[in-house]
Amino acid sequence: MSRPDFSSYASATALQTAFVLLALCLPAPNASANETCGGDYVCIADDAAVVTVWAAGSASLAAQQLCAEAPVSVTADSAGERHLACSAASDALRLLARCQISLRRPLHVHIMSEVRHPFSGAIFGLLDTKQERVLITQEANIPSLVKDTPYAKLPQRDFYRSLIVHEIVHGIMHQNLKRRATSHAAYEYPAYALQLESLTPDLRDQFLQSFDQTSIETNSILFNDPVLFFDPYFFAARAYHHFKASPNGCAHLTALLEGDVAFIAPPHM
Ligand SMILES: [Zn+2]
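Residues numbered from 1 in each chain as written. Predicted model: local features only at pLDDT ≥ 70, side-chain atom pairs only at ≥ 80, totals over all residues.

## Quick notes on the overall build of the chain
A count of helical and extended segments in the chain gives ten helices and nine strands. Among the 269 residues that make up the chain, the fraction classed as buried is 42%. Residue pairs in contact within the chain that sit at least 24 positions apart in sequence constitute 71% of those at least 6 positions apart. (Helix = DSSP H or I, 4+ residues; strand = E, 2+ residues; numbered from the N terminus. Buried ≥ 20, exposed ≤ 12 C-beta atoms within 10 Å, placed from the backbone. Contact = placed C-beta atoms within 7 Å.)

Right, here's the structure in full:
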């Protein structure tokens, strides 16, 4: 997989654009060291890192559809993909509605043949908050991204649907932020918790069985960026358990919208 020449895609203006980019990022197979992202990645607007979006893929066949259930539009090559994305969007909205968190502006989902991290390799997807759009890698190109991860144990379609839920949760949460979080972990906690919540109980258990149960149930350890970057799957499992074990998981999500919370470690400890 060749590395794109970002300089030809990113204008100086784009490089200075301040938007939050949330990217699920996994090393691509055979990727060189500088192409791997090292897990689930959140790039926050004020990070020193310059952020731009690079996405590839033909959109020649793509058509746009407005979802019947929600103010979400989907661009994808096939009606099946658009239907799946609308269905996942509906799930994400339903899960957040339980916590009285809803979409405030229309959100656009674009299914593309490939989505790449601005400075690294292929990724599942990302949220471009400036344009209120979610970019997601086409399902056909997902197998190489999940290879050798705990996600590979799940039926591909179920995992893929949960991935769309994850990204749309990012989009909805972002629209409701009152104060931007300062850590990547704070952005990813709700996305992972609700991604796993969207799976059927048997599939979720299948995923959770990949981890030492005592470790994921240990609430004394703070959620932090290092764990997120180096073991995003374990982070996901812990986030789900923490969210569900709490007497009021919704309170965690609403607190995150207000800013930093006690169970998320500050970025610089
Ligand atoms: Zn994410």
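What follows picks up the thread again.
## Details of the nonpolar core
In this structure, Ala 89, Ala 92 and Ile 168 are the most contacted members of the largest nonpolar core, which totals 60 residues. With near-sequence residues (within four places) excluded, Ala 89 lies in contact with Cys 67, Ala 70, Val 72, Val 109 and Ile 168. (Core = buried A, V, L, I, M, F, W, Y, C linked by C-beta atoms within 7 Å.)

## Section: the packing of helix H2 (residues 79-97) against helix H4 (residues 156-176)
Contact geometry of H2 with H4 gives a least axis separation of 8 Å together with a crossing angle of 55°. In terms of axis orientation, H2 runs oblique to H4. In the crossing of H2 with H4, the sense of the turn from one axis to the other is right-handed. Judged by residue contacts, Leu 84, Ala 85, Ala 88, Ala 89, Asp 91, Ala 92, Leu 93 and Leu 96 of H2 engage Arg 161, Ile 164, Val 165, Ile 168, Val 169 and Ile 172 from H4. Class assignment for the residues of the contact of H2 with H4 results in twelve nonpolar, no polar and two charged. (Axes fitted to C-alpha atoms, helices over the stretch in contact; angles between N-to-C directions. Parallel < 35°, antiparallel > 145°, perpendicular 65-115°, else oblique. Left-handed = near helix turned anticlockwise from the far one by under 90°. Nonpolar A, V, L, I, M, F, W, Y, C, P; charged D, E, K, R; others polar.)

## A look at helix H10 (residues 249-258)
Looking only at H10, the buried set comprises His 252, Leu 253 and Leu 256. Buried residues along H10 cover an arc of 95° about the axis, so they all sit on one side. Residues of H10 that are exposed and angled more than 90 degrees away from the buried face: Ala 251 and Glu 258. On its buried face, H10 sits against helix H5 (184-197) and helix H9 (232-245). Trailing H10 by a residue or two, Gly 259 shows a phi angle of about 140°, which is positive. (Arc of directions from axis to C-beta.)

## Thoughts on the packing of H4 against H5
The N-to-C vectors of H4 and H5 enclose an angle of 140°; their axes lie 8 Å apart at closest approach. In terms of their interaxial angle, H4 and H5 are classed as oblique. Taken as a pair, H4 and H5 cross one another with a handedness that is right-handed. Facing H4, whose interface residues are Ser 162, Val 165, His 166, Val 169, His 170 and Met 173, H5 presents Tyr 187, Pro 190, Ala 191, Tyr 192, Leu 194 and Gln 195.

## So, H4
Along its 21 residues, H4 runs 31 Å from first to last C-alpha, staying within 8% of the 30 Å computed at 1.5 Å per residue. Here H4 lies mainly inside the structure; 15 of its 21 residues are buried. (Expected span 1.5 Å × (residues − 1).)

## Focus: the environment of Ser 183
Mapped onto the elements of the fold, Ser 183 is located in the loop between H4 and H5. Classification of Ser 183 by C-beta neighbours within 10 Å gives buried; the count is 20. What Ser 183 contacts, discounting residues up to four positions off in sequence, is Asp 225, Ile 264, Ala 265, Pro 266 and Pro 267.

## Some words on the environment of Ala 88
Residue position: Ala 88 is located in helix H2. Taking the C-alpha atoms as reference, Ala 88 lies 10.0 Å from Gln 195; in sequence the two are 107 residues apart. Each residue touching Ala 88, except ones within four places of it in the same chain, is listed here: Arg 161, Ile 164, Val 165 and Ile 168.

## Some points on unusual backbone geometry
The phi torsion at Glu 132 lies on the positive side, around 50°, for a residue other than glycine. When you line up the elements, Glu 132 lands in the loop between strand E8 (122-128) and strand E9 (133-137).

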